[in-house]
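# Secondary and tertiary structure notes
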Amino acid sequence: MPNERILVAEDERDLRRMCMRALRMAGYEAVGVPDGLEAVQAARASRFDVLVTDVRMPNLDGLEAYNQIRSSCPDLALVVMTGFGSLETAIEAIRLGVYEFVLKPFRPSELIAAVERALQRKRMQQEITRLNTLIPLLDLSKIFMTSVDLEAVPQHVVRIARQEVEASTVSLMLLDDDGRLVVH
């Protein structure tokens, strides 16, 4: 069973309830709010994996709510529900990083499929990020395993650290056998 948390922001009460019921039946924990302002407040109070939001809502539209939430929760996936499939809305949603669109009216199965695709894409992005962070460790491991010149190892560590943190200068401070500080 999925254990992801889904935040549903929809001003139409019956549609919001239908979405929450469908998501819960699929095994997700679903929380519903009637507008973008409450979505922002809910996301600040608790962690969510996906925001399913209507575009046009009172107080704060769904895309602006996502934009505000993303500043504190950058890995939140976005599924947009809309009855207004305008090009401007689509461009803005894509610019913000929308994962999926669901055009109203839709069936519960369409919503579930969109959420599942969004979560799959989010998991893939997280895995890519994780693997990218391991590349420098792999490089260092190769150096440690193949280096016969132990004096060169600190320079390699400094070079890789500078490259990974994109710093102009990096220092590595070690103690020699006599307890004296050695800077690389």
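Residues numbered from 1 in each chain as written. Predicted model: local features only at pLDDT ≥ 70, side-chain atom pairs only at ≥ 80, totals over all residues. Heavy atoms only, no water.

This part is about helix α1 (residues 13-25). Think of an α-helix as 3.6 residues a turn; residues three or four steps apart then line up on the same face. With 13 residues, α1 extends 18 Å between its outermost C-alpha atoms, agreeing within 8% with the 18 Å of an ideal straight helix rising 1.5 Å per residue. The set of residues buried in α1 consists of Leu15, Arg16, Met18, Cys19, Met20, Ala22 and Leu23. Among the residues trailing α1, Gly27 stands out with phi positive, at a value near 100 degrees. (Helix = DSSP H or I, 4+ residues; strand = E, 2+ residues; numbered from the N terminus. Expected span 1.5 Å × (residues − 1). Buried < 20%, exposed > 50% of the residue type's maximum accessible area, 1.4 Å probe, protein only.)

Here the focus is the nonpolar core. Of all hydrophobic cores here, the largest spans 24 residues; its most connected members are Ile6, Cys19, Leu23, Val52, Val79, Phe106 and Val115. Breaking this core down by element, the ones donating at least two residues are β1 (5-9), α1, β3 (50-54), β4 (77-82) and α5 (108-146). Those residues in contact with Leu23 that lie beyond four places of it in its chain are Ile6, Val8, Tyr28, Ala30, Leu111, Ile112 and Val115. (Core = buried A, V, L, I, M, F, W, Y, C linked by side-chain atoms within 4.5 Å. Contact = heavy atoms within 4.5 Å.)

Spatially, β2-β1-β3-β4-β5 is the arrangement adopted by the five strands of the open sheet, whose pairing is parallel. Two strands bound the open sheet, and with one partner strand each, they are β2 (29-33) and β5 (100-103). Between one strand axis and the next, the sheet turns through 20 degrees on average, direction left out of account. Both β3 and β4 contribute to a ladder of five bridges, which runs parallel. Following the sheet pairing, Val52 is matched in β4 by Val79. Against the sheet, α1 engages β1, β2 and β4, with an angle of about 170 degrees to β2. In the packing of helix α2 (residues 36-45) onto the sheet, the strands contacted are β1 and β2, and the crossing angle to β1 comes to about 160 degrees. (Pairing = 2+ DSSP bridges. Axes fitted to C-alpha atoms, helices over the stretch in contact; angles between N-to-C directions.)

A separate point is the pattern of salt bridges. Pairing is possible between side chains that carry opposite charge, provided their charged atoms lie close to one another. Enumeration over the complete set of coordinates arrives at 12 salt bridges. The partner of Glu127 in a salt bridge is Arg130, with the nearest N and O atoms 2.7 Å apart. Highlighted residues: Glu127 and Arg130, both in helix α5, separated by three residues, approximately one helical turn. Residue Glu127 is classed as partly exposed on the basis of its relative accessible area of 34%. Of the residues examined, Arg130 reaches a relative accessible area of 43% and is grouped as partly exposed. Several salt bridges converge on common partners, so that one network encompasses Glu10, Glu12, Asp54 and Lys104. (Salt bridge = Lys/Arg side-chain N within 4 Å of Asp/Glu carboxyl O.)

The next point concerns the pairing of β4. Most of β4 sits out of view: six of its six residues are buried. Residues of β4 alternate between two faces, with Ala77, Val79 and Met81 on one and Leu78, Val80 and Thr82 on the opposite face, all of them buried. A crossover links β3 with its parallel partner β4, the connecting element being helix α3 (residues 62-70), and its sense is right-handed. In this structure, β4 lies alongside β5, joined through four bridges in parallel fashion. Bridge pairing in β5 places Met81 opposite Val102. (Right-handed = clockwise from strand over helix to strand, strands pointing away.)

In the segment running from Lys104 into Pro105, the intervening peptide bond is cis, with an omega of -10 degrees. Along the polypeptide, Pro105 turns up in the loop between β5 and α5. Positive phi is not limited to glycine here, since Asn59 has a value of about 70 degrees. Mapped onto the secondary structure, Asn59 falls in the loop between β3 and α3.

A few words on the packing of aromatic side chains. With the rule as written, the count across this model stands at zero aromatic pairs. The ring of Phe48 has Arg5 sitting right over it, with the charged end atom 4.4 Å from the ring centre. (Phe/Tyr/Trp six-rings, centres within 6.5 Å; stacked < 30°, edge-to-face > 60°. Lys NZ or Arg CZ within 6 Å of the ring centre and 35° of its normal.)

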